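The residues making up each chain are set out below.
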Amino acid sequence: MQLNFNENFERMEKRYLFSEITARVAAYKSREGGSQKVISLGIGDVTLPIARCVANEMARAAEEMATREGFCGYGETRGLHELRGAISSRYKRLGAHLDEDEIFINDGSKSDLGNIFDIFGDIEALIPSPAYPVYLDACTMSGKRARILETSAKNGFLPSPEGLPKNPFLIFLCSPNNPTGATFSREELCEWVDFALCSGSLIIFDAAYEGFVRSEKIPRSIFEISGAKDCAIEVCSFSKNAGFTGIRCGWSVIPRSLSPVHELWSRRQATKFNGASYIAQRGAIAALSREGERESFLRTDYYLKNAKILAEALKEKEIWFVGGENSPYLWLKCPNGMKSWTFFDFLLEHAGIVGTPGVGFGEGGEGYFRFSSFASREDVLEAVVRFNKWL
Ligand code: PLP
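In this text, all values refer to a predicted model and were calculated from it rather than measured experimentally.

1. Concerning the layout of surface pockets
When its volume is computed, the largest pocket comes out at roughly 900 Å³. Taken together, 36 residues line the largest pocket, and the ones lying closest to its centre are E13, P133, L136, D137 and G360. If you list the elements that add at least two residues to the lining of the largest pocket, you get helix 1 (17–32), helix 4 (109–115), strand 3 (124–129), helix 5 (134–141) and strand 4 (145–150). Mapped onto the domain boundaries, the lining of the largest pocket takes at least three residues apiece from domain 1 (14–43 + 292–390) and domain 2 (52–289).

Right under this line is the structure:
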């Protein structure tokens, strides 16, 4: 082919982390021939089914589409008025006042996290390491500059603005964090908002796991922090709390006060996005109803209980970790100084357990490992029995 391709792709990892894990697990299974069941504490996909009220509403919406009166074609790019209203009310309950026209419905938060670079010119993104790989990959693909902010066990794997030059950055923050499970306190988030305000930076706050927060001390939204409406946007999702990973629906909040970010994003979406699925949005409205929220709470509680069981097992083994509370993830130091992939192979070969090597989330994750609590209770209990034998 005689075309020029985006050279930025050459600067990226050739193989996606989870493809490598899948390949190693497949090789193990073909060697072992199924002698013991492989337990997956690896991928961050939910395992419990969606709530009945959500399924019923989506079925009703599908039926509605089959009638002359109920059929609807393209909807508003920003999403259904009713859904944006329900999200705005949800923020009100958290003490944040955001109008529905500041809310943009998407087909899951990954799209907006990946696409946000479209509206910026030459900027420097501040990306913690380890982090959800999409931030750095999307930054690299779009040819923007990245400054990596290393975190470590010393600061509980929470990035801090201390010592940073007061340059205008596009700052990626995630709490509860994937992969580390670490959470920002109100004070820590205030420091970031203060830094963004005085440096002219913009925070992209990834709240995909807010549904796991149980402590009053941990903000579920950056908009709980005063001043955030002048320096932050928030990306959130129905994926992890309401089980929408396969349904696809989320949202971004871009306050009107953030000019021209709000206008440029509206313009970008008008050209490149045609709105989220009507049926998924109806399901999302049901997920935000009283019953839907109660069902989401039960599901996140189930995973949190799994996380607690795993946390107790690690404590017993005196293995250092963060997370596991207010988060579905645990981030542990690999025992005996093992590197991340060495521990991955050790755990798979001996215990038949799949986790995620920390180094897959950035160099800062080398020597660490992520366990996900998105698994059945039986599998988690069996995993603990196997830890006791092998760790
Ligand atoms: N943000 C974080 C930190 C995630 O871990 C994920 C998915 O695993 C997402 C965003 C994207 O989720 P979705 O596109 O399903 O909303």
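Read on for the rest.
2. Observations concerning the side chain of S340
With respect to the secondary-structure elements, S340 resides in helix 11 (residues 340–351). On the basis of relative accessibility, which here comes to 0%, the residue S340 falls in the buried class. At 3.2 Å, the side chain of S340 forms a polar contact with the backbone oxygen of G365. Among all residues touching S340, those that are not within four sequence positions of it are C334, P357, G358, V359, G365, E366, G367, Y368 and F369.

3. Observations regarding the sheet that holds strand 9 (residues 321–323)
Reading across from one edge, 9-10-13-12 is the order of the four strands in this open sheet, with antiparallel pairing throughout. The sheet is open, and its two borders are formed by strand 9 and strand 12 (356–357), each paired with just one other strand. Most of the contacts of helix 10 (residues 290–316) go to strand 10 (residues 329–333), to which it runs at about 15°, and overall it touches strand 9, strand 10 and strand 13 (368–372). Contacts from helix 11 reach strand 10, strand 12 and strand 13 within the one sheet, and its direction differs from that of strand 13 by about 50°.

4. What about the pattern of salt bridges?
Under the criterion given, the structure shown has 23 salt bridges. The salt bridge involving D301 is made with R214; its shortest N-O contact spans 3.1 Å. Here D301, found in helix 10, pairs with R214, found in the loop between strand 6 (202–206) and strand 7 (232–237); they are 87 residues apart in sequence, far enough to count as distant. With a shortest N-O distance of 3.9 Å, R294 and E295 are connected by a salt bridge. Each of E57, R60, E64, E82 and R282 takes part in a single network of salt bridges with overlapping partners.

5. Considering the domain arrangement of the protein
As assigned here, the protein comprises domain 1 (14–43 + 292–390) and domain 2 (52–289). Computed from C-alpha coordinates alone, the two centres of domain 1 and domain 2 are separated by 26 Å. Every contact between the two is made by 28 residues of domain 1 and, on the other side, 34 residues of domain 2. Each partner contributes to the roughly 2400 Å² buried at the junction of domain 1 and domain 2, and carbon and sulfur atoms together form 58% of this total. Scanning the region where domain 1 abuts domain 2 turns up two salt bridges. The partner of R93 in a salt bridge is E293, and the shortest N-O contact between them spans 3.4 Å. Put simply, domain 1 and domain 2 have 14 residue pairs in polar contact (both at pLDDT 80 or more) between them. Going through the elements one at a time, helix 10, strand 9, strand 10 and strand 13 are the ones with two or more residues in the side of domain 1 that touches domain 2.

6. Regarding the site of the ligand
The ligand sits among 14 residues. The nearest are N178, D206, Y209, S237 and S239. In this structure, an oxygen atom belonging to the ligand sits 2.7 Å away from a side-chain N or O atom of N178. Here an oxygen atom of the ligand and a side-chain polar atom of S239 are 2.6 Å apart. Protein chains bury 92% of the 400 Å² of accessible surface belonging to the ligand in isolation. For the shell around the ligand, the secondary structure elements donating two or more residues are helix 4 and helix 7 (239–242). Of all the elements, helix 4 adds the most residues to the shell around the ligand, at three residues.

7. Observations concerning a nonpolar patch on the surface
On the surface, M1, L3 and F5 cluster together into a nonpolar patch covering about 440 Å² of accessible area. Its location among the elements puts M1 in the segment before helix 1.

8. Here's the deal with empty space enclosed by the protein
This structure, assessed with the given rule, holds three cavities of 30 Å³ or more. Quantified by volume, the largest cavity comes out at close to 40 Å³. Around the largest cavity sit A51, V54, A242, A287, G292, E295, S296 and R299, which together line it. Here the lining of the largest cavity takes four residues from helix 10, the largest share from any one element.

9. Details of the nonpolar core
L83, I87, W192, I203, I222, F238 and W251 are the most contacted members of the largest nonpolar core, which has 48 residues in total. Formed by 39 residues, the second largest nonpolar core is a distinct cluster that contains F18, A307, M338 and F343.

So, how was this worked out
- Residues numbered from 1 in each chain as written.
- Predicted model: local features only at pLDDT ≥ 70, side-chain atom pairs only at ≥ 80, totals over all residues.
- Heavy atoms only, no water.
- 1 Å grid on protein atoms, 1.4 Å probe; cavity = no way out; pocket = protein on both sides within 12 Å on 5 of 7 lines; lining within 4 Å.
- Points joined across faces, edges and corners; volume = space filled by probe spheres on them.
- Helix = DSSP H or I, 4+ residues; strand = E, 2+ residues; numbered from the N terminus.
- Domains from an automatic or database assignment.
- Buried < 20%, exposed > 50% of the residue type's maximum accessible area, 1.4 Å probe, protein only.
- Polar contact = N/O pair within 3.5 Å; in protein donor to acceptor, adjacent residues only side chain to side chain.
- Contact = heavy atoms within 4.5 Å.
- Pairing = 2+ DSSP bridges.
- Axes fitted to C-alpha atoms, helices over the stretch in contact; angles between N-to-C directions.
- Salt bridge = Lys/Arg side-chain N within 4 Å of Asp/Glu carboxyl O.
- Buried area = accessible area lost by both parts, 1.4 Å probe.
- Near = heavy atom within 4 Å.
- Areas by Shrake-Rupley, 256 points an atom, 1.4 Å probe, with all protein chains shown as cover.
- Patch = residues over 30% accessible without salt bridge, like charges linked within 9 Å, V, L, I, M, F, W, Y side chains within 5 Å.
- Core = buried A, V, L, I, M, F, W, Y, C linked by side-chain atoms within 4.5 Å.

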